[in-house]
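# Chain and residue survey
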Amino acid sequence: MKRIAIIAAAASAGAFAASAGEMVAFTDIDANGDGMVTEVEFVTHKTADGEYTEEEASEKFVKIDANADGSVSEAELTSAMAEWKDKDVQADVDVDLETDTDSSY
Ligand SMILES: [Ca+2]
Ligand SMILES: [Ca+2]
C-alpha cells in the first residue's frame with residue numbers, strides 16, 4: 001500500500017530532479033565515488049555546512065538506509081528524498097487530508 005505511493009513519488013521526483021538545482025546530488029555525498037554512501041560520508045557531508053549535528057545526520061542516515069546494510073545506494077537516497085518531499089508538500093496543503101489512504105491522489 002504505502003510502497004506504491006513511495007514509488008510514484010520517486011518517479012516524479014526523478015523527473016523533477018533534472019531541473020531542481022537545490023536537489024542534493026548523490027555523487028556529491030559519495031566522497032570516494034564507489035557508488036555507495038557510507039554513514040561516514042553522509043555525516044561528513046551533512047555536517048559540513050553546519051545544517052545538521054553528527055547525531056542528527058546519523059539518525060537521518062539510518063532512515064535513508066532502507067535495507068539497513070550500512071550504506072545508502074542512489075535508489076535509497078532518491079526514494080527517501082522523494083518521501084520527505086512528499087511529506088513536506090502534504091504538510092503545506094493540509095495534514096488532515098487522507099494522507100494514509102492509497103486511493104488515487
Ligand atoms: Ca562511497
Ligand atoms: Ca542500504
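Residues numbered from 1 in each chain as written. Chains lettered and ligands numbered in written order. Predicted model: local features only at pLDDT ≥ 70, side-chain atom pairs only at ≥ 80, totals over all residues. Heavy atoms only, no water.

## Comments concerning the packing of helix H3 (residues 39-48) against helix H4 (residues 54-64)
The following threshold applies: All axes here are fitted lines through C-alpha atoms, helices being fitted over the stretch that makes contact, and every angle between N-to-C directions spans 0 to 180 degrees. Helix and strand assignments come from DSSP, with helices taken as H or I runs of at least 4 residues and strands as E runs of at least 2, each series counted from the N terminus. Angular relationships are summarised with four words: roughly parallel below 35 degrees, roughly antiparallel beyond 145, roughly perpendicular across 65 to 115, and oblique for the angles in between. Take the far helix as your reference; a near helix turned counterclockwise from it by less than a right angle gives a left-handed crossing, and one turned clockwise gives a right-handed crossing. By the convention used here, residues are in contact when the closest approach between their heavy atoms is within 4.5 Å.
Close contact between H3 and H4 brings their axes to 9 Å; oriented N to C, the two are set at 130 degrees. As the angle between them shows, H3 and H4 are arranged oblique. The handedness of the crossing between H3 and H4 comes out as right-handed. Two secondary-structure elements touch here, H3 through Glu39, Phe42, Val43, Lys46 and Thr47 and H4 through Glu54, Ala57, Ser58, Lys60, Phe61 and Ile64.

## A short note on the coordination of the calcium ion (ligand 2)
Formally: Excluding water, the donors of a metal are its N, O and S neighbours within 2.8 Å, or within 3.2 Å for Na, K and Ca, and that exclusion means sites may look incomplete. Only four donors with every angle between 85 and 135 degrees are called tetrahedral; only four or six donors with opposite donors over 155 degrees apart and all others between 65 and 115 are called square planar or octahedral, in that order; all others are irregular. The buried label goes to any residue with under 20% of its type's maximum accessible area, the exposed label to any with over 50%, and the partly exposed label to all in between, with areas taken from a 1.4 Å probe on protein chains only.
The coordination sphere of the calcium ion (ligand 2), as far as protein atoms go, consists of Asp65 (OD), Asn67 (OD1), Asp69 (OD), Ser71 (O), Glu76 (OE) and Glu76 (OE), spread over 2.2 to 2.5 Å. Here the calcium ion (ligand 2) binds 6 donor atoms, and the angle range of 53 to 155 degrees at the metal identifies the geometry as irregular. For the calcium ion (ligand 2), the donor residues sit on a single chain with the sequence spacing D-x1-N-x1-D-x1-S-x4-E. Judged by relative accessible area, Asp69 falls into the partly exposed class, the value being 44%.

## What to know about the coordination of the calcium ion (ligand 1)
Only Asp30 (OD), Asn32 (OD1), Asp34 (OD), Met36 (O), Glu41 (OE) and Glu41 (OE) from the protein coordinate the calcium ion (ligand 1), and they sit 2.2 to 2.5 Å from it. One can describe the donor arrangement at the calcium ion (ligand 1) as irregular, given that its 6 donor atoms subtend angles of 53 to 154 degrees at the metal. In primary sequence terms, the donor set of the calcium ion (ligand 1) follows D-x1-N-x1-D-x1-M-x4-E. When its relative accessible area of 6% is taken as the criterion, Asp30 is described as buried. Given the relative accessible area of 47%, Asp34 is considered partly exposed.

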